[in-house]
Amino acid sequence: MRAVDIIDKKKKRQELTKEEIDFLLEGYLAGIIPDYQMSAFLMAVYFNNMTKEELTYFTLKMRNSGDIITFDKLDYYLVDKHSTGGVGDKVTVVLGPILAALGMATAKLSGKGLGHTGGTIDKFESIENFKFSLAKEELVEVAGKTGVGLMGYSDNIVPLDKKIYALRDVTATVDSIPLIASSIMSKKLAIQSDLIILDVKVGDGAFMKTIEDARELSRRMVEIGNSVGRKTIAVLTNMDEPLGYNIGNANEIIEGIEALKGHWSADLKEVVYEIVYIALKHKGEVETFEEASEKIDEVIKNGKALEILKDFIDLSGGDGQVVNNYKLLPEPKSIIEVYSTKDGFVEKIKAEEIGKAAMVIGAGRATKEDEIDHAVGILLKKKVGDLVKKGDLIAEIHYNDDKNIEQSRAMIIDAYVVGSKEQKGIKNILEIIE
Ligand code: URA
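Quick notes on the rules
- Residues numbered from 1 in each chain as written.
- Predicted model: local features only at pLDDT ≥ 70, side-chain atom pairs only at ≥ 80, totals over all residues.
- Heavy atoms only, no water.
- Helix = DSSP H or I, 4+ residues; strand = E, 2+ residues; numbered from the N terminus.
- Rg over C-alpha atoms; globule rule 2.2 N^0.38 Å.
- Buried < 20%, exposed > 50% of the residue type's maximum accessible area, 1.4 Å probe, protein only.
- Contact = heavy atoms within 4.5 Å.
- Areas by Shrake-Rupley, 256 points an atom, 1.4 Å probe, with all protein chains shown as cover.
- Lys, Arg positive; Asp, Glu negative; His and termini not counted.
- Charge placed at Lys NZ, Arg CZ, Asp CG, Glu CD.
- Pairing = 2+ DSSP bridges.
- Axes fitted to C-alpha atoms, helices over the stretch in contact; angles between N-to-C directions.
- Phe/Tyr/Trp six-rings, centres within 6.5 Å; stacked < 30°, edge-to-face > 60°.
- Lys NZ or Arg CZ within 6 Å of the ring centre and 35° of its normal.
- Expected span 1.5 Å × (residues − 1).
- Core = buried A, V, L, I, M, F, W, Y, C linked by side-chain atoms within 4.5 Å.
- Left-handed = near helix turned anticlockwise from the far one by under 90°.
- Nonpolar A, V, L, I, M, F, W, Y, C, P; charged D, E, K, R; others polar.
- UniProt positions renumbered as here; feature names shortened; annotations may be inferred.
- Near = heavy atom within 4 Å.
- Polar contact = N/O pair within 3.5 Å; in protein donor to acceptor, adjacent residues only side chain to side chain.
- Patch = residues over 30% accessible without salt bridge, like charges linked within 9 Å, V, L, I, M, F, W, Y side chains within 5 Å.
- Salt bridge = Lys/Arg side-chain N within 4 Å of Asp/Glu carboxyl O.

## Topic: the overall build of the protein chain
Turning to step 1, where the next piece is worked out: From N to C terminus, the protein chain includes 16 helices and 13 strands.
Turning to step 2, where the next piece is worked out: The C-alpha atoms of the protein chain give a radius of gyration of 22 Å, which matches the 22 Å a tight globule of 434 residues would have.
Turning to step 3, where the next piece is worked out: With the C-alpha coordinates aligned to their principal axes, the bounding extent of the protein chain is approximately 65 × 45 × 40 Å.
Turning to step 4, where the next piece is worked out: Taken over 434 residues, the protein chain has a buried fraction of 58%.
Turning to step 5, where the next piece is worked out: Long-range pairs, those at least 24 residues apart, make up 78% of the contacts in the protein chain between residues at least 6 apart in sequence.
Turning to step 6, where the next piece is worked out: Summed over all atoms, the accessible surface of the protein chain reaches about 18,000 Å², with 49% contributed by carbon and sulfur.
Turning to step 7, where the next piece is worked out: Averaging the positions of the 57 positive and the 71 negative side-chain charges in the protein chain gives two centres separated by 2 Å.

## Looking at the sheet that holds strand β4 (residues 195-202)
Turning to step 1, where the next piece is worked out: Read across the sheet, 6 strands follow the order β3-β2-β1-β4-β5-β13 without closing on themselves; strand pairing throughout is mixed. The open sheet is flanked by β3 (148-152) and β13 (429-433), the only strands paired with a single partner. Pairwise comparison of adjacent strand axes, ignoring direction, gives a mean angle of 20° for this sheet.
Turning to step 2, where the next piece is worked out: As defined by bridge partners, β4 adjoins strand β5 (residues 231-238) across 8 bridges and the pair is classed as parallel. Along β5, the bridge assignment pairs Val-202 with Asn-238.
Turning to step 3, where the next piece is worked out: Set on the sheet, helix α9 (residues 177-188) makes contact with β1 (77-83), β2 (104-110), β4 and β5; between it and β4 the angle comes to about 145°.
Turning to step 4, where the next piece is worked out: Across the sheet, helix α10 (residues 211-227) is in contact with β4, β5 and β13; its angle to β5 comes to roughly 165°.

## Overview of the packing of aromatic side chains
Turning to step 1, where the next piece is worked out: Taken as a whole, this structure holds 9 aromatic pairs when the rule is applied.
Turning to step 2, where the next piece is worked out: Members of the aromatic cluster, connected to one another through ring pairs, are Phe-124, Phe-130, Phe-132 and Phe-312.
Turning to step 3, where the next piece is worked out: It is Lys-163 that lies over the ring of Tyr-28; its NZ or CZ is 4.3 Å from the centre.
Turning to step 4, where the next piece is worked out: Directly above the ring of Tyr-245 sits Lys-383, whose terminal nitrogen or CZ lies 5.5 Å from the centroid.

## Concerning helix α4 (residues 52-63)
Turning to step 1, where the next piece is worked out: Counted at 1.5 Å a residue, the expected span for α4 with its 12 residues is 16 Å, and the 16 Å between its end C-alpha atoms agrees.
Turning to step 2, where the next piece is worked out: Inspection of α4 places Glu-54, Leu-55, Thr-56, Phe-58, Thr-59, Met-62 and Arg-63 among the buried residues, and these make up the whole buried set.
Turning to step 3, where the next piece is worked out: Among the structural elements, α1 (3-11), α2 (18-30), α3 (35-48), α8 (159-169), α9 and α10 are those in contact with the buried residues of α4.

## What to know about helix α12 (residues 266-283)
Turning to step 1, where the next piece is worked out: For α12, spanning 18 residues, the distance from its first C-alpha to its last is 26 Å, which sits close to the expected 26 Å at 1.5 Å a residue.
Turning to step 2, where the next piece is worked out: Gly-284 sits one or two residues past α12 and shows a positive phi near 90°.

## Focus on the sheet that holds strand β12 (residues 416-419)
Turning to step 1, where the next piece is worked out: Spatial ordering of the open sheet is given by β10-β8-β12, a layout of 3 strands whose pairing is antiparallel. Two strands close off the open sheet at either side, each with one partner strand: β10 (387-388) and β12.

## A short note on the nonpolar core
Where a protein is soluble and globular, its nonpolar side chains tend to be buried together.
Turning to step 1, where the next piece is worked out: By size, the foremost hydrophobic cluster in this structure holds 87 residues, and its most contacted members are Ile-98 and Phe-124.
Turning to step 2, where the next piece is worked out: In terms of residue count, α12 provides more of this core than any other element does, 10 residues in total.
Turning to step 3, where the next piece is worked out: Apart from the residues within four sequence positions on either side, Phe-124 is in contact with Val-93, Phe-130, Phe-132, Leu-150, Ile-253, Leu-309 and Phe-312.

## Re the packing of helix α5 (residues 91-101) against helix α11 (residues 250-260)
Turning to step 1, where the next piece is worked out: Relative orientation of the contacting elements α5 and α11 amounts to 35°, with a least axis distance of 8 Å. Here α5 and α11 pass one another in a crossing that is right-handed. Between α5, through Val-93, Val-94, Pro-97 and Ile-98, and α11, the contact on the second element is made entirely by Ile-253, Gly-256, Ala-259 and Leu-260.
Turning to step 2, where the next piece is worked out: Here the residues of the contact of α5 with α11 are counted per class, giving 7 nonpolar, 1 polar and no charged.

## Structural notes on the UniProt feature "domain: Pyrimidine nucleoside phosphorylase C-terminal" (unreviewed entry) in the protein chain
Turning to step 1, where the next piece is worked out: The sites that carry the UniProt feature "domain: Pyrimidine nucleoside phosphorylase C-terminal" (unreviewed entry) are, in the present numbering, residues 345-419.
Turning to step 2, where the next piece is worked out: When the span residues 345-419 is considered, its composition is 28% helix and 29% strand, and the gap between its end C-alpha atoms is 5 Å.

## Considering the packing of α2 against α4
Turning to step 1, where the next piece is worked out: Packing of α2 against α4 leaves a shortest axis separation of 10 Å and a crossing angle of 35°. Relative to α4, α2 is oriented so that their crossing is right-handed. Here Lys-18, Ile-21, Asp-22, Leu-25 and Glu-26 of α2 lie close against α4, whose contacting residues are Glu-54, Tyr-57, Phe-58, Lys-61 and Met-62.
Turning to step 2, where the next piece is worked out: Residue composition of the contact of α2 with α4, by class: 5 nonpolar, no polar and 5 charged.

## Observations concerning the site of the ligand
Turning to step 1, where the next piece is worked out: Taken together, Tyr-165, Arg-168, Ile-180, Ser-183, Ile-184, Lys-187 and Phe-207 make up all the residues around the ligand.
Turning to step 2, where the next piece is worked out: Interatomic distance of 2.9 Å between a side-chain N/O atom of Arg-168 and an oxygen atom of the ligand.
Turning to step 3, where the next piece is worked out: In this structure, a nitrogen atom belonging to the ligand sits 2.6 Å away from a side-chain N or O atom of Ser-183.
Turning to step 4, where the next piece is worked out: Considered on its own, the ligand offers 240 Å² of accessible surface; in the complex 82% of this is hidden by protein.

## Notes on a negative patch on the surface
Turning to step 1, where the next piece is worked out: Where like charges cluster on the molecular surface, the negative patch consists of Glu-287, Glu-290, Glu-291, Glu-294, Asp-297 and Glu-298.
Turning to step 2, where the next piece is worked out: Mapping Glu-298 onto the fold places it in helix α13 (residues 289-301).

## Topic: the pairing of strand β9 (residues 377-380)
Turning to step 1, where the next piece is worked out: Residues Gly-377 and Leu-379 point to one face of β9 and Ile-378 and Leu-380 to the other, with burial holding for every one of them.
Turning to step 2, where the next piece is worked out: In the sheet, strand β6 (residues 246-248) pairs with β9 via 3 bridges, with the strands oriented antiparallel. In the strand pairing of β9, Asn-246 is matched with Leu-379.
Turning to step 3, where the next piece is worked out: One ladder, built from 4 bridges, connects β9 with strand β11 (residues 393-399); its direction is antiparallel. From the neighbouring strand, Ile-378 faces β11, where its bridge partner is Ile-397.

As structure tokens, then:
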């Protein structure tokens, strides 16, 4: 077998066999097949796509390149919720404790933020001494006691994806739907779960800018999951404005804690309730959204979900008292206010622009090596559908270093699209694909 023949076959839109995919990926991981041949192959995939069978083999081969985490001691219904990356996305902070309070568990790998999107690890690391589980044993211990298990990605999880992603990054093949689908699903399939729920963000601040692309990505990921016997459901959610009111790290933890006390932003609530409903339905506990809502309301009202978050923080090295004392979180030195330059209704808040406005003040990373300032962030004062007048407060920037403050302010003003179109907020759940 020769790599050149496999590339040629893909170029001619002929279907590859499992053996050919194995040969290519094994050779690439071992360093026998060079970058230039893998680059040519990736570009052929970019233009000619992959069939269902090819994509499944490709994904499984990637998954099998590293450790596979299984749990014999976790006797829970395991839900792995994954977000394709949003702005202000604190769903995991709130969802894990709610699922646990309802008798399920999360066991998932979480990532760090990059560019305009945040990462769950960074948000939790706002809490002093908080350490994510580094090994499976730690995750099993914390998840066994609390029902919330979050672990950071290690170099041993799907090493082939790291190698291929780095190559895609410099060969203009990142935005290939089959390659994105296999990259995400190889990591999802590397950890045991009963149900994978993919929160596929759509819109300005998302990886997928259009509903058509989001649908196609979802369809391919669901196809991979289901073809290897892992129930997978995609929820397409709107990213035409940031989720909730806070964008940053410590401030997003506070917003998450407040949600568990029943003080929700409407959009965050809609997304979290829908995902919990899907989990409960597939576990066989409810039929309708209303039944699920009642159950969620109950664990919020009786404080069970909040108590679980507190225990999870304690067991992860932090001080769980933070749920009642926000002074335990890092605080920014200063706040500046941002005012509307127009009259009208907020039609859209460009989430990517807001994510970048938070990044330039230190809440996010422009490169993987950048350090984050957990204390800083943006607080939105107006959401889509709100009426604003010129001079009204639309946002606050909470900062420590004033170096990029004017740039951040200009970006926020630009992000607010204010017009004459009256609308009732945004529809957050766009579609479900299973
Ligand atoms: N996220 C991933 O994990 N992989 C991709 O290819 C794109 C987004």
